[in-house]
Amino acid sequence: MSRPQSLSRAQARRVALAAQGFLDKPHDPPTMRTVSRTLDRTGVLQVDSVNVLARAHYMPLYSRMGAYDTGLLERASTGRQQRRLVEYWAHVQAFMPVELWPAMAHRRDHHRTSRGKWSFVAEDDELESRLLAELADRGASTSRDLDDGLPRSKDNWGWNWSRTRRMLDFLYAAGDVAIAGRNSQFEVRYDLPERVLPDAVLAAPDLTVEEQHLALVRRAALSHGVATVKCLSDYYRMRTDDTARAVDTMVETGELEPVSIEGWKRPAYLHRDARRPRAIAARALLSPFDPVVWERERAEQLFDFHYRIEIYTPAEKRLYGYYVLPFLLRDELVGRVDLKADRPTRRLLVKGAYAEAGAPADTALELAAELRRMAGWLGLDQVVVEGRGDLAPELATELATELAGELATESSAESAAESAAEERSVGTAR
């Protein structure tokens with residue numbers, strides 16, 4: 001048996017970034033075709049309620065496409081026949097391509113047959129049947145809609161908001177209801193699957209459990225480019241042994257090639273269609289929930305970047321801040337910034353800015369440009385650096401210099417316009 005080919009850490013890093021869409025040519029402006037191409041790369045968009053900067057599912061698209069109309073994602077994840085995305089427990093709560101719905105049947109079956117583990121719903125058959133009947137009659141509804149419209153008496157079957165929501169979450173996990181969308185308060189709107197999913201998805205042939213595992217690992221391998229079994233297991237939160245069997249199948253068919261990677265202890269696998277660029281020209285801020293960094297060991301192996309989200313850490317114990325975004329420059333994670341969108345004052349607050357060891361000399365310059373771009377996408381007028389972190393002073397200087405240059409350009413343009421107006425006025429007088 002021949003030895004597997006070897007990749008340097010830098011080669012593996014570029015393969016991974018290309019697989020995630022950072023090699024794609026930008027569209028200006030991004031269109032639905034851009035969104036679809038990017039979703040093909042990521043394969044999943046994690047959903048999270050934290051809105052200190054932007055909702056988690058909006059950010060990976062921005063990081064890869066630049067400033068885009070978030071209405072494109074709303075269109076992709078609503079409606080029925082034209083729907084491209086549906087929410088499910090794909091990674092955690094996440095948007096996934098609708099065509100993966102059949103590959104999640106084993107997960108839905110597991111929840112349905114493990115009902116006894118959902119202690120708060122295990123014996124509540126009447127609540128379940130009433131909820132399904134109400135959804136059939138009403139259509140897409142939030143748990144609050146249903147709770148407000150149904151009896152609350154505890155003398156009968158103990159109706160209250162908490163039990164309503166919990167039962168809906170069980171039915172959603174079991175696939176008996178699906179998520180039609182969310183309202184302006186980010187509340188889930190539940191409905192029956194046949195009113196959420198396209199006909200083609202509902203009519204898709206059943207897959208064996210092994211075929212489902214293979215479909216998920218196949219998508220994860222495309223999105224990773226190169227990965228270990230652990231990386232592939234994490235992408236759609238699969239059991240390691242199920243993933244390993246699917247990997248063996250893909251190696252046999254030639255879809256995956258075993259490789260060794262500099263500094264990695266575990267065996268890795270390169271997808272046969274993975275692009276292997278010599279350079280990546282990326283400049284992006286990554287959400288804490290971005291697929292590039294959500295598997296923390298992978299981020300350390302690829303980028304030598306130790307990353308932990310500190311939202312749930314007490315403020316006095318945080319190392320970097322509340323909502324910290326890694327900064328990707330070319331093919332390296334070169335820094336991190338703690339950001340907040342202060343919407344009432346229309347300011348993007350940089351509460352902390354930190355450079356990684358060995359960060360290139362243009363880190364502050366490029367980060368300043370990226371922060372200005374992000375502020376524009378978020379509808380904010382100003383970027384304000386609050387001063388915490390070793391990168392903060394230089395970043396503040398770059399932003400001030402950039403702003404001064406813009407003001408000087410505007411002033412020059414105004415002066416030229418005034419001079420032209422004066423000349424026209426004199427000419428008219430003559």
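Rules and cut-offs
- Residues numbered from 1 in each chain as written.
- Predicted model: local features only at pLDDT ≥ 70, side-chain atom pairs only at ≥ 80, totals over all residues.
- Heavy atoms only, no water.
- Salt bridge = Lys/Arg side-chain N within 4 Å of Asp/Glu carboxyl O.
- Helix = DSSP H or I, 4+ residues; strand = E, 2+ residues; numbered from the N terminus.
- Buried < 20%, exposed > 50% of the residue type's maximum accessible area, 1.4 Å probe, protein only.
- Expected span 1.5 Å × (residues − 1).
- Axes fitted to C-alpha atoms, helices over the stretch in contact; angles between N-to-C directions.
- Parallel < 35°, antiparallel > 145°, perpendicular 65-115°, else oblique.
- Contact = heavy atoms within 4.5 Å.
- Pairing = 2+ DSSP bridges.

**So, the pattern of salt bridges**
Two side chains of opposite charge can pair, provided their charged atoms sit close to one another. Per the stated rule, a full pass over the model turns up 34 salt bridges. Its salt-bridge partner being glutamate 366, residue arginine 283 comes within 3.4 Å of it at the nearest N-O pair. Taken as a pair, arginine 283 in strand S10 (residues 283-285) and glutamate 366 in helix H14 (residues 363-377) lie far apart in primary sequence, 83 residues in all. The class for arginine 283 is partly exposed, based on a relative accessible area of 27%. Residue glutamate 366 is classed as partly exposed on the basis of its relative accessible area, which comes to 22%. Residues joined in a network through salt bridges with shared partners are Arg13, Arg14, Asp331 and Glu332.

**Looking at helix H10 (residues 209-224)**
Between its terminal C-alpha atoms H10 stretches 23 Å, which fits the 22 Å expected from 16 residues at 1.5 Å a residue. Residues of H10 that are buried: Gln212, His213, Leu214, Leu216, Val217, Arg219, Ala220, Ala221, Ser223 and His224. Two residues or fewer after H10 comes glycine 225, characterised by a positive phi angle close to 80 degrees.

**Comments concerning the packing of H10 against helix H12 (residues 240-252)**
Orientation of H10 relative to H12, taken along the N-to-C sense of each, is 75 degrees, at an axis distance of 9 Å. Regarding the angle of H10 to H12, the classification is roughly perpendicular. Listed contacts from H12 to His213, Leu214, Val217, Arg218 and Ala221 of H10 are Asp242, Thr243, Ala246, Val247, Thr249 and Met250.

**With respect to the sheet that holds strand S12 (residues 332-342)**
The strand order across the open sheet built from 5 strands is S10-S11-S12-S13-S14, with neighbouring strands paired in mixed fashion. The open sheet is flanked by S10 and strand S14 (382-385), the only strands paired with a single partner. Along the sheet, successive strands turn relative to each other by an average axial angle of 30 degrees, direction set aside. With 4 bridges joining them, strand S13 (residues 347-355) and S14 adopt parallel strand pairing. Residue arginine 347 lies in a different strand from S14, and its bridge partner there is glutamine 382.

**Describing the pairing of strand S11 (residues 324-329)**
Across the 6 residues of S11, 6 count as buried, placing the element largely inside the fold. Inspection of the sheet shows S10 paired to S11 by 3 bridges, in the antiparallel sense. Each residue of the ladder has a partner; that of arginine 283, found in S11, is leucine 329. Examined bridge by bridge, S11 and S12 share 6 bridges and lie antiparallel to one another. Bridge assignment links valine 324 to a residue of S12, and that residue is aspartate 338.

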